[in-house]
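Residue strings, one per chain:
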Amino acid sequence: MTKSKLSLVLFAILSVHILNAQTNVKQFTNGIKQKTLKKHIYVLASDSCAGRGIDTEGITIARNYIVKHLHSGSELKPYKSDSFIQPFELIKYGSRQINIESEGHKLYRYNDYIYYGKYDNFNKDLPLIFTGYGTEEDFKNMNVKGKAVFILNNNLRASLSSANRAEKYGAEFCIIANPKVINQFQSFSRQIKSYSTSPSYRLMGKEETPVFLKNFKFDYRYINVSSDVVKRVTSESINYWKKEAKKNNYAKYNKESIGSVKISVNRRERDTVTANNIVAYIPGTDSDEYIVVGAHYDHLGTIDNKIYYGADDNASGTAALIEIAKAFDRAYRSGYKPTKSIIFIAFSAEEGGLCGSKYFVDNFKDINKVRLMLNLDMIGRCDNKHANNCNYIYLNSSHLPDDLKQQCTKTCNKYGLTADYSSNLRGSDSKSFSNKGLTTIFFFTGLHKDYHKPSDTKSKIDYGKVTKVSKIVFETIWNSAGVTKQ
Ligand SMILES: [Zn+2]
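Model, not experiment: these values are computed from the prediction.

Rules of the game
- In this convention, every chain numbers its residues from 1, walking through the sequence in written order.
- It should be noted that, the model being predicted, local features are given only for residues of pLDDT at least 70 and side-chain atom pairs only at 80 or more, the latter also being counted only at that level, while totals for whole chains, interfaces and linings use all residues.
- Secondary structure elements are taken from DSSP: a helix is a run of H or I of four residues or more, a strand is a run of E of two residues or more, and numbering for both begins at the N terminus.
- With C-beta atoms placed from the backbone, a contact is any residue pair whose C-beta atoms sit within 7 Å.
- As used throughout, domain bounds are those supplied by an automatic or database domain assignment.
- Each residue gets one label: Ala, Val, Leu, Ile, Met, Phe, Trp, Tyr, Cys and Pro are nonpolar, Asp, Glu, Lys and Arg are charged, and the others, such as Gly, are polar.
- Nonpolar core, as used here: buried Ala, Val, Leu, Ile, Met, Phe, Trp, Tyr and Cys residues forming one set through C-beta atoms within 7 Å.
- Exposure in this text rests on C-beta crowding, where 20 or more other C-beta atoms within 10 Å of a residue's own make it buried, 12 or fewer make it exposed, and counts in between make it partly exposed. The C-beta atoms are placed from the backbone.
- Picture the helix axis, draw a direction to every C-beta atom, and the arc is the one those directions span.
- Every axis corresponds to a line fitted to the C-alpha atoms, with the helix fit spanning only the stretch in contact, and the corresponding angles, defined between N-to-C directions, vary from 0 to 180 degrees.
- Orientation labels follow simple angle bins: below 35 degrees gives roughly parallel, above 145 gives roughly antiparallel, 65 to 115 gives roughly perpendicular, and whatever is left gives oblique.
- In this scheme the crossing of two helices becomes right-handed for a clockwise turn of the near helix relative to the far one and left-handed for an anticlockwise turn of less than a right angle.

> Sorry if this is basic, but what is going on with the overall build of the protein here?
Looking only at helices and strands, the protein has 14 helices and 22 strands in total. In the protein, the proportion of contacts linking residues at least 24 apart, taken out of those at least 6 apart, comes to 83%.

> How do you make sense of the domain arrangement of the protein when you look at a structure like this?
It is common to give the size of an interface as the accessible area lost on bringing the parts into contact. The domains assigned to the protein are domain 1 (27–94 + 271–485) and domain 2 (98–265). Taking the mean C-alpha position of each, domain 1 and domain 2 sit 43 Å from one another. Taken residue by residue, the interface counts 15 residues in domain 1 and nine residues in domain 2. Of all the secondary-structure elements, those providing two or more residues to the side of domain 1 that touches domain 2 are strand 2 (85–93) and helix 11 (355–363). For the side of domain 1 that touches domain 2, a count of residues per class yields nine nonpolar, two polar and four charged.

> How should I be thinking about the nonpolar core in this particular structure?
Within soluble globular proteins, side chains that are nonpolar tend to cluster in buried spots. Judged by nonpolar contacts, the single largest core of 92 residues is most densely connected at A320, L321, F443 and V473. The biggest single contributor to this core is helix 10 (residues 311–333), with twelve residues. Each residue touching A320, except ones within four places of it in the same chain, is listed here: L37, A295, L376, I379, V466, V469, S470 and V473. One finds Y115, A148, C174 and I175 within the second-largest nonpolar core, a separate group that totals 42 residues.

> I keep staring at helix 2 (residues 34–44) and nothing clicks. Help me out?
Helical periodicity: at 3.6 residues per turn, an α-helix aligns residues three or four positions apart in one direction. Among the residues of helix 2, those classed as buried are L37, H40, I41 and L44. One side of helix 2 holds all its buried residues, which, seen down the axis, span an arc of 95 degrees. Where helix 2 is buried, its residues meet helix 3 (57–71), helix 10 and helix 14 (463–481).

> How should I be thinking about the packing of helix 2 against helix 14 in this particular structure?
A packed helix pair is summarised by two numbers, namely the angle formed by the two axes and the spacing between the axes. For the pair helix 2 and helix 14, the least separation of the axes is 9 Å and the interaxial angle reads 110 degrees. Here helix 14 runs roughly perpendicular to helix 2, going by the angle between their axes. Between helix 2, through Q34, L37 and K38, and helix 14, the contact on the second element is made entirely by Y463, G464, V466, T467 and S470. The class makeup of the residues in the contact of helix 2 with helix 14 is three nonpolar, four polar and one charged.

> Can you help me understand the packing of helix 2 against helix 10 in this one?
Between helix 2 and helix 10, the least distance of the axes is 9 Å, while the angle of their chain directions is 135 degrees. Between helix 2 and helix 10, the crossing angle belongs to the class labelled oblique. The handedness of the crossing between helix 2 and helix 10 comes out as right-handed. Here T36, L37, H40, I41 and L44 of helix 2 come into contact with helix 10, specifically with A311, A315, S316, T318, A319, A320, I322 and E323. Classifying every residue of the contact of helix 2 with helix 10 by side-chain character gives eight nonpolar, four polar and one charged.

Written out as structure tokens, the structure is:
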């Protein structure tokens, strides 16, 4: 037999194998049942799991439930360990408490000001001094020691230079306003608020500052304020101060303060807690490559005696993960084995800043051999954009090759869902993988009015849709993992 004939025969054998595998995918997707998915979501979003807050009894109940279902009667293995649990340390921060008043008016955070700085039990009532644009020249001629200063800066993103100078000349506190771009404060405030109100956990040793906050300092005390606040605090408008600054004569402000500010900042408690990912895997038969499928199982917990059930976020994705893993286990035990290894991960501390997935990515030595990461986060609802037709699924992808994109679109259509690539929401565990340049697809049904509220409950889940998405994800892995009958 010639070489080319041999390869033809091999090709034919391989094709039959692949064809068989395609035909047989159905017998395993059929095993993914709506009633089982519903049962999982009912448990995970129950009163006893109490919102699955990191480091709570509720999340322990959820974790034991997930492990029990992955374990019982299955061939699924813990990944190179004797336990499904992958623990990691987190730093937990207490709440930020701050109060600023001026001339008897309370200022409201994010509406009126953005605070940068220390949380250090600071409590003072300070006279406020005007220092124009706060140049070196301005400060040299003024005595600001032990006072608060009011500085103009034409760009709030450059507040650092103003704050540095105020600190250098001994001012205790600094208020910065932009007289040039009046609405810069509002857009800036929105951006920073969205970061600061998320739960406060950080991976131990990874207390990084988000890129857009790199140009600020946190070892001093200063605020950016809206132009309205200027009038309330100093009794004059920002335009008045702009004119005063032009005259370049602040001698009189050295003697007379233009207002006063009362600031109290509480110390922020810091604690260390342990969180746990759950990692299971099916070994590949003939490759050192991996496919990862993940869903976070933590949520916000119980706040002010209200349970944040997180039925969509993300009991839905966790339930799907369990059933996808079990379907692969059934296939494996029937002799349908993937060429690439498949790793199933229920992440913790996603709500605290993608901590569980970051920990996994940073500690998995073969991370560069992960060929595809599929993330399931909130897959059971319908958003406003699709209120009239809920048969869609967002595929938020990164580094996705065209052929895989086409294949995903086709698989979604097969189950009656339109693949929508238009969402640019990236804030979920797939981001930890795409940040490493890996191919990721984040399956998502979109934001809704119950997002991060106690009203994200099990009665609002579209269980048919969770079932379809689970099958789509199963089939996407099946197609990419090179399943063959042994
Ligand atoms: Zn989520």
